[in-house]
Amino acid sequence: MSTIFGALRRRILTPSVSETTLEKRGFHRKNRQAQEQLERVGRTFLEGYGYAVQARSVAEAEEMLESVPRAYRGFAYEGAGMGAAVHDALPGHSGRLEGLLAGGGGRHIYMVYVGVGWAMARLPRFLWPAVERTDPLLRWLILDGYGFHQAYFRTDSYVRTPHVRHSFRWAGGPDDYSAKVIDQGIGRALWFVGGTDPDIVTDLIASYPEDRRGDLYAGAGLAATYAGAADEEELLRFAERAGEHRLQLAQGAAFAAEARDRAGTTIAHTHLATRVLCGTTPERAARVCVDRRPAHSGHDGVPSYETWRRDIAAEIASTSIPRKGADL
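In this text the structure is predicted, and so the values were computed from the model without any measurement. (Residues numbered from 1 in each chain as written. Predicted model: local features only at pLDDT ≥ 70, side-chain atom pairs only at ≥ 80, totals over all residues. Heavy atoms only, no water.)

1. Details of the pattern of salt bridges
Inspection of every chain in the model, using the stated rule, returns 28 salt bridges. Here E66 ties to R73 by a salt bridge, and the two come within 3.6 Å at their closest N and O atoms. Of the residues examined, R73 reaches a relative accessible area of 17% and is grouped as buried. Here D135 and R293 are joined by a salt bridge, their closest N and O atoms 3.2 Å apart. Within this pair, whereas D135 is found in the loop between helix 7 (109–122) and helix 8 (140–153), its partner R293 is found in the loop between helix 16 (282–291) and strand 1 (298–299), the two being separated by 158 residues in sequence. For R293, a relative accessible area of 33% translates into the label partly exposed. The network of salt bridges with common partners includes K180, D215, E306, R309 and R310. (Salt bridge = Lys/Arg side-chain N within 4 Å of Asp/Glu carboxyl O. Buried < 20%, exposed > 50% of the residue type's maximum accessible area, 1.4 Å probe, protein only. Helix = DSSP H or I, 4+ residues; strand = E, 2+ residues; numbered from the N terminus.)

As structure tokens, then:
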């Protein structure tokens, strides 16, 4: 059981659950089912955050995280990634993030790293986690999480003024590529801002400069597959409206399939979204991600993470997505 101090720490540091409601955020409400899904995702994230900061040990936090229903467990681990990073930033505290990743969090490593990006968005820079201790390839997901947080909580600045690009510097890689990965996180948030309505989401993406849209579609494809709340007709329309960015959409969906497959949390919607957006099964899409994972650190100035994403998109295009029309 958590201590009184742990409970107090959770109460002080945990954002209010009201901050995750679509009404509070001013996000589009497509229908009650989609609204309930997105708001449950937000509540589950905060539960995981609370578990990570309240528990007396990593083992106790993991026990609570594993009690979350399988369909939502990844979101709890995402919150725990943020909570662990915030916990470790407190005076006299350390090792929670490392311990989380060494245990059950390793199966949810994508989500945990995304959660660390949330922590970076809330902590002063001098308290940021040491990125040199994170996986050189997957650390880019931290910036994905940062971008999601900013678009979700600073929507006026990051979504409603799409021609403004915010500067960002960190120790994890080149600044120009950092901006691209932040856009992937913003794209993931647009699935929430648009209330999972493909027409609203594609209109939001279309408001950004053309050179940013591929990364935005990649993030939106990930969210559409992992978070869901869209039916087959809506997903088909989303893929059609992605146009020339169809492959980036598929790459994001493949990442979501791999994240769920690795964690053992694949659900019916994963099968639907992966079939529609990638033209294949979640298992096959996940295998493409695993097989194409680069062993090198990048070449010709292109980060290995970007090479990985391009290779995934190319393989899915050549083996899964029917090649008809210029937009494929």
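2. Here's the deal with the layout of surface pockets
In this structure, the largest pocket encloses a volume near 350 Å³. Lining the largest pocket we find 15 residues, and of these D88, L97, P129, A130 and R133 sit closest to its centre. Here the residues of the lining of the largest pocket are counted per class, giving 9 nonpolar, 3 polar and 3 charged. (1 Å grid on protein atoms, 1.4 Å probe; cavity = no way out; pocket = protein on both sides within 12 Å on 5 of 7 lines; lining within 4 Å. Points joined across faces, edges and corners; volume = space filled by probe spheres on them. Nonpolar A, V, L, I, M, F, W, Y, C, P; charged D, E, K, R; others polar.)

3. Some points on the confidence of the model for the protein chain
Confidence in the prediction for the protein chain averages 92 pLDDT; 92% of positions are at 70 or higher. Confidence drops under pLDDT 50 across residues 323–328; counting only partners more than four residues distant or on other chains, this segment forms 10 contacts. (pLDDT = per-residue confidence, 0-100. Contact = heavy atoms within 4.5 Å.)

4. Structural notes on the side chain of H108
Positionally, H108 belongs in the loop between helix 6 (96–102) and helix 7. Residue classification places H108 among the buried residues on the basis of a relative accessible area of 3%. When near neighbours in sequence (up to four residues on either side) are disregarded, H108 contacts R73, G74, Y77, A263 and T265.

5. A short note on the packing of aromatic side chains
For the coordinates displayed, the defined rule picks out 21 aromatic pairs. Between Y217 and F238 the ring centres are 6.1 Å apart and the planes differ by 45 degrees, which places this aromatic pair in the tilted class. One end of the pair, Y217, is in helix 12 (residues 210–226); the other, F238, is in helix 13 (residues 232–242), and 21 residues separate them in sequence. Both residues of the pair, Y217 and F238, count as buried. When the centroid spacing of 6.0 Å and the interplanar angle of 50 degrees are considered together, the rings of F255 and Y305 count as tilted. Remark: Y305 occurs in helix 17 (residues 304–319) and F255 occurs in helix 14 (residues 246–263); sequence separation between them is 50 residues. Given a relative accessible area of 7%, F255 falls into the buried group. Overall, Y305 belongs to the buried group, its relative accessible area being 1%. One aromatic cluster is present, formed by F27, F45, W118, F148, Y152, F153 and F192 through successive ring pairs. One cation-aromatic arrangement involves R40 over Y72; the distance from NZ or CZ to the ring centre is 4.0 Å. A cation sits over an aromatic face here: R260 above Y226, 4.0 Å from the ring centre. (Phe/Tyr/Trp six-rings, centres within 6.5 Å; stacked < 30°, edge-to-face > 60°. Lys NZ or Arg CZ within 6 Å of the ring centre and 35° of its normal.)

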